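Observations on chain architecture
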Amino acid sequence: MKTYRVGLLVDGYEQPGWMHEMVEWLQHSQDFAIAALLVMNGALDDRPPRLGARALFGTLSRLEARLLPAKQRDMLACHDLRDSLPLEAAAVVPLARDAAAAERQDEVAALALDLVITLGSSPASREQMAGWARLGVWQLSYSDIAVATSRYAGFWEVYQREDHTTVKLWRVGLCVEDDELLDQRSFNTEVFWLKNQARAFSLGNFMVYDALQALARSRQGAAPPGMQIMSGQRRADPAEWDSAAYIARQAWLMSDLIVRRIMKRNVRWRIGMFPSARQQAVVSEAMVLQPPKGRFFADPFVYTQDKKPYIFFEDYDFNSRKGTISVATYSDGAFRLLGTALNLPYHLSFPYIFEHDGVTYMVPETCGNRSIELWKCTDFPLKWELDVNLMTNISAVDTIIFKHGEYWWLLTNIDRTDGQSHCDELFAFFADSPRSTEWTPHACNPIVRNPMRARNAGIVVSPGGEVIRCAQYQGFCHYGKGVSLNRIEELSPSSYVETDGEIHYASFLRKRHASMHHWHHQGGHTVFDFAYME
């Protein structure tokens, strides 16, 4: 039986697809029922843009919509929200702001709602919404646009080339000072406005889903400790000249990408290695494993056997557009390629290595097969066989498995939007064995909700149980801008606390588009990858 009655507040019947997705999720929820659609035409203080701005942004929207994949176009396309409602259970309540219609406001109180969720711009005043629901009113805000409208969500971040775009979930108070921030998350800013907007709406939906599930589990708060991304100053709605300047900036960006393609200039990854204590992130005086022409080497893990380092890494071929797992060793002052450890019909990368009961295992990235696979070594280092599928039908990358406390832990980056990004959220699961096919989700999933530190980039577990997790930092149009070494202070089925380490950039390269996105230490050796424009 559903225990929470939810009302959805909108500013009209014609609404975009992401709102219909919210309705669909609520219909399939075991705990929440859509009890009412509250419709108040016209958002509060939402003045229509000037004719010139409307014309320019309308043209820009039509142009950029052609670049969107079908799923994101559907998210922004409007149709009647009543078509998605369970009409037999949900009341449709038209509302008004004038005093003469005060009795219509009483209809909301009579619905005995537990929660009201405002979708899109806010069509009602704070005074009107007071008392509507037992748990108050939730509202999402996108970016830092000065007014409540979501019309220009995601625009300023692309315009200003910001690394991240932020979405917030609020519980609305009687005044601004009384608003309670329930959750705040970010994602890597996309290359153009409408795609960034679609990502913002999608993330906002997931924030609401997670907050509702937390509410159903009677946990206080929606987010794990540390909402690190803070917003800047409020920004006004963009005007006509902002649209023109945006088009000029995008044209410059596209021309740069076209010139790079014509000149066949690529960002090519290489591997560096140096002897070190594990606290050292990267030094420039490293031995470099250079890839041959037409390939790049990335995601290295070092594994020591008989006091000899073996480097397992992604070996990517530009022609086949697919990665395999190769192995190299280092002796007498030189690297030596030993061969291919894994070559499958789908792309492979991130060959994480660990031991259990005297057996060496590998967890390569097998997202191309929609699985998390555990491979067992039968003849080190080049012969491996599939041991077990840990998870199936999942879009996950960069998985690491380690023992901590009484459980084995699996940390992985799952793309819940199935095709948009693996860089924004980190999920944890635990089991009694690393070979388990039944992994229990962490109570706070996703345990990291921040693109500055969510995506795995390596890990070190000391014999004493100390865990250092390396994470990627992404930038605007800059994959692999840097890495950070973060200490896991607390890890249990119900809690996760991580101390943020300094972000390290590949500035030592002194080259354009210098990049670095992986680090690992084992047996007195540290390996990392780096890249720059060639």
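Here the structure is a predicted model, which is why all the values come from computation and not from measurement.

This next bit is on the overall build of the protein chain. Of the regular secondary structure elements, the protein chain holds eight helices and 30 strands. Burial statistics for the protein chain: of 534 residues in total, 57% are counted as buried. Taking contacts inside the protein chain between residues at least 6 apart in sequence as the whole, the part at least 24 apart equals 61%. Summed over all atoms, the accessible surface of the protein chain reaches about 23200 Å², with 51% contributed by carbon and sulfur.

Note: strands within a sheet are paired through backbone hydrogen bonds, in either parallel or antiparallel orientation. Taken in spatial order, the four strands make up an open sheet running 11-10-30-29, and their pairing is antiparallel. Because the sheet does not close on itself, it has two edges, and the strands there are strand 11 (287-289) and strand 29 (515-522). With strand direction ignored, the average angle separating the axes of adjacent strands in the sheet is 25 degrees. Pairing of strand 10 (residues 267-275) with strand 11, which is carried by three bridges, proceeds in the antiparallel orientation. Residue pairing in the sheet places G272 in a bridge with V288 of strand 11.

A few words on empty space enclosed by the protein. One pass over the full model with this rule turns up two cavities of 30 Å³ or more. Space inside the largest cavity adds up to approximately 160 Å³. Taken together, 14 residues make up the lining of the largest cavity; nearest its centre are R199, L203, T417, D424 and E425. Residue contributions to the lining of the largest cavity peak at four residues, all from helix 7 (residues 193-216). Residue classes in the lining of the largest cavity are distributed as four nonpolar, five polar and five charged. Formed jointly, the lining of the largest cavity draws a minimum of three residues from each of two domains, domain 1 (4-236) and domain 2 (266-533).

What follows is about the confidence of the model for the protein chain. Taken residue by residue, the protein chain gives an average pLDDT of 88. The fraction at 70 or more is 89%. Low pLDDT (under 50) marks residues 220-230, which in the prediction has 29 contacts with non-local residues, meaning those over four places away or in another chain.

Take the environment of L38 next. Checked against the element boundaries, L38 lands in strand 3 (residues 32-39). For L38, a relative accessible area of 0% translates into the label buried. Between the C-alpha atoms of L38 and P123, which are 85 residues apart in sequence, the distance is 9.9 Å. When sequence neighbours within four positions are dropped, the list of residues in contact with L38 reads L8, L9, V10, V93, L95, V108, L111, L113, V116 and W132.

Glancing now at the sheet that holds strand 12 (residues 295-305). Strand order across the open sheet formed by four strands is 12-13-14-15, with antiparallel pairing between neighbours. Every interior strand has two partners, whereas the edge strands, strand 12 and strand 15 (334-342), have only one. The mean inter-strand angle of the sheet, taken between neighbouring strand axes irrespective of direction, is 30 degrees.

Moving on, we get to the side chain of E190. Relative to the assigned elements, E190 resides in the loop between strand 9 (180-188) and helix 7. Not counting residues within four places of it along the chain, the set of residues in contact with E190 comprises V158, K195, N196, R199, Q420 and F476.

It is worth spelling out the side chain of N205 at this point. Tracing the chain through its elements places N205 in helix 7. The exposure class of N205 is buried, given its relative accessible area of 2%.

Further remarks concern unusual backbone geometry. Here the residue pair F380 and P381 is connected by a cis peptide bond, since its omega of 5 degrees sits within 30 degrees of zero. The topology assignment puts P381 in the loop between strand 18 (371-379) and strand 19 (383-392). With an omega of -10 degrees, the peptide bond between N445 and P446 qualifies as cis. Inspection of the secondary structure puts P446 in the loop between strand 23 (440-441) and strand 24 (456-461). You will see that D332, though not glycine, has its phi angle at about 55 degrees, which is positive. Along the polypeptide, D332 turns up in the loop between strand 14 (322-331) and strand 15. At D398, a position not held by glycine, the phi torsion is positive, near 55 degrees. Relative to the assigned elements, D398 resides in strand 20 (residues 396-404).

Rules behind the numbers
- Residues numbered from 1 in each chain as written.
- Predicted model: local features only at pLDDT ≥ 70, side-chain atom pairs only at ≥ 80, totals over all residues.
- Heavy atoms only, no water.
- Helix = DSSP H or I, 4+ residues; strand = E, 2+ residues; numbered from the N terminus.
- Buried < 20%, exposed > 50% of the residue type's maximum accessible area, 1.4 Å probe, protein only.
- Contact = heavy atoms within 4.5 Å.
- Areas by Shrake-Rupley, 256 points an atom, 1.4 Å probe, with all protein chains shown as cover.
- Pairing = 2+ DSSP bridges.
- Axes fitted to C-alpha atoms, helices over the stretch in contact; angles between N-to-C directions.
- 1 Å grid on protein atoms, 1.4 Å probe; cavity = no way out; pocket = protein on both sides within 12 Å on 5 of 7 lines; lining within 4 Å.
- Points joined across faces, edges and corners; volume = space filled by probe spheres on them.
- Nonpolar A, V, L, I, M, F, W, Y, C, P; charged D, E, K, R; others polar.
- Domains from an automatic or database assignment.
- pLDDT = per-residue confidence, 0-100.

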